[in-house]
Amino acid sequence: MSNYEVAMEAAWLVRDVEETDDAIGVAVSEAGKRLNETDKQYVEVEPGVTGCPACGEPFDAAFLAANTALVGLLLEIDIFNADSEEHAERIAKSEVGGALRDVPLEVIDVFETEADEDEDAPER
């Protein structure tokens with residue numbers, strides 16, 4: 001069994017905003033609130049970034065039109081004792097998806113993390 005960090009991208013809709021910075025703040029706040037209400041404080045929520053198609057420079061993943069924004073969020077969660085990367089993905093999507101119903105999620109990265117020394121030490 002291994003430990004993994006799973007990064008997911010979420011698409012968050014924010015209504016009645018005039019600035020992309022405001023939309024990003026509202027999206028992060030609302031996502032964090034929904035996760036906290038379901039005891040998922042361990043999920044990290046950050047604004048997402050996307051690359052410029054022309055130059056490749058990263059910029060905030062937010063699009064604003066008609067006072068409505070679509071904001072990309074980056075969600076990271078540590079998964080412990082998973083059988084494989086695929087198993088860690090399923091666990092992560094289940095944990096986060098249960099708290100953020102009706103929010104599109106896509107796994108963008110999974111990598112194995114080091115086990116804590118305490119976990120490998122034999123019990124006495």
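Residues numbered from 1 in each chain as written. Predicted model: local features only at pLDDT ≥ 70, side-chain atom pairs only at ≥ 80, totals over all residues. Heavy atoms only, no water.

Quick note on the threshold: UniProt positions are given in the numbering used here, feature names are shortened, and annotations may be inferred rather than shown by experiment.
The protein appears in an unreviewed UniProt entry as UPF0212 protein AMR74_11300 from Halorubrum tropicale. As its UniProt record puts it under Sequence similarities (unreviewed entry), the protein is described as follows: "Belongs to the UPF0212 family."

## Some remarks on the overall build of the protein
Put simply, the rule is: Secondary structure counts use DSSP, requiring at least four H or I residues in a row for a helix and at least two E residues in a row for a strand, with both numbered from the N terminus. Note on contacts: a residue pair qualifies if any of its non-hydrogen atoms lie within 4.5 Å across the two residues. The Shrake-Rupley method, run with a 1.4 Å probe sphere, supplies the accessible areas, and residue values consider only the shown protein chains as cover. Neither His nor the chain ends is counted toward charge; the positive residues are Lys and Arg and the negative residues Asp and Glu. Note that the charge is assigned to NZ on lysines, CZ on arginines, CG on aspartates and CD on glutamates.
When helices and strands are tallied, the protein shows 3 helices and 7 strands. With the principal axes as the frame, the protein shows a C-alpha extent of 60 × 35 × 20 Å. Summarising the internal contacts of the protein: among those between residues at least 6 apart in sequence, 74% fall at separations of at least 24. Within the structure as shown, the protein displays about 8,100 Å² of accessible surface, and the carbon and sulfur contribution to it stands at 45%. Within the protein, one finds 8 positive and 32 negative side-chain charges whose respective centroids are separated by 11 Å.

## Some words on the state of the cysteines
Quick reminder of the rule: Only a pair of cysteine sulfur atoms within 2.5 Å counts as a disulfide in this structure description.
By the definition in use, this model includes 0 disulfides. No disulfide involves cysteine 55; its nearest neighbouring cysteine sulfur is the one of cysteine 52, lying 3.6 Å away.

## Details of helix α1 (residues 20–37)
The α-helix advances 3.6 residues per turn, and as a result positions three or four apart in sequence lie on the same side. For clarity, the cut-off: Multiplying 1.5 Å by the helix residue count minus one yields the expected span of that helix. Exposure classes here rest on a 1.4 Å probe applied to the protein chains alone. A residue is buried below 20% of its type maximum, exposed above 50%, and partly exposed in between. In this description, the arc belongs to the directions extending from the helix axis to the C-beta atoms.
Counted at 1.5 Å a residue, the expected span for α1 with its 18 residues is 26 Å, and the 26 Å between its end C-alpha atoms agrees. By the burial criterion, the buried members of α1 are Ala23, Ile24, Ala27, Ala31, Gly32 and Leu35. Down the axis of α1, the sector holding all buried residues measures 155°, keeping them to one side. Pointing more than 90 degrees away from the buried face of α1 are the exposed residues Asp21, Lys33 and Glu37. Summarising the contacts, the buried residues of α1 are in contact with β1 (2–15), β2 (44–47), β4 (58–60), β5 (62–65), β6 (68–82) and α2 (85–99).

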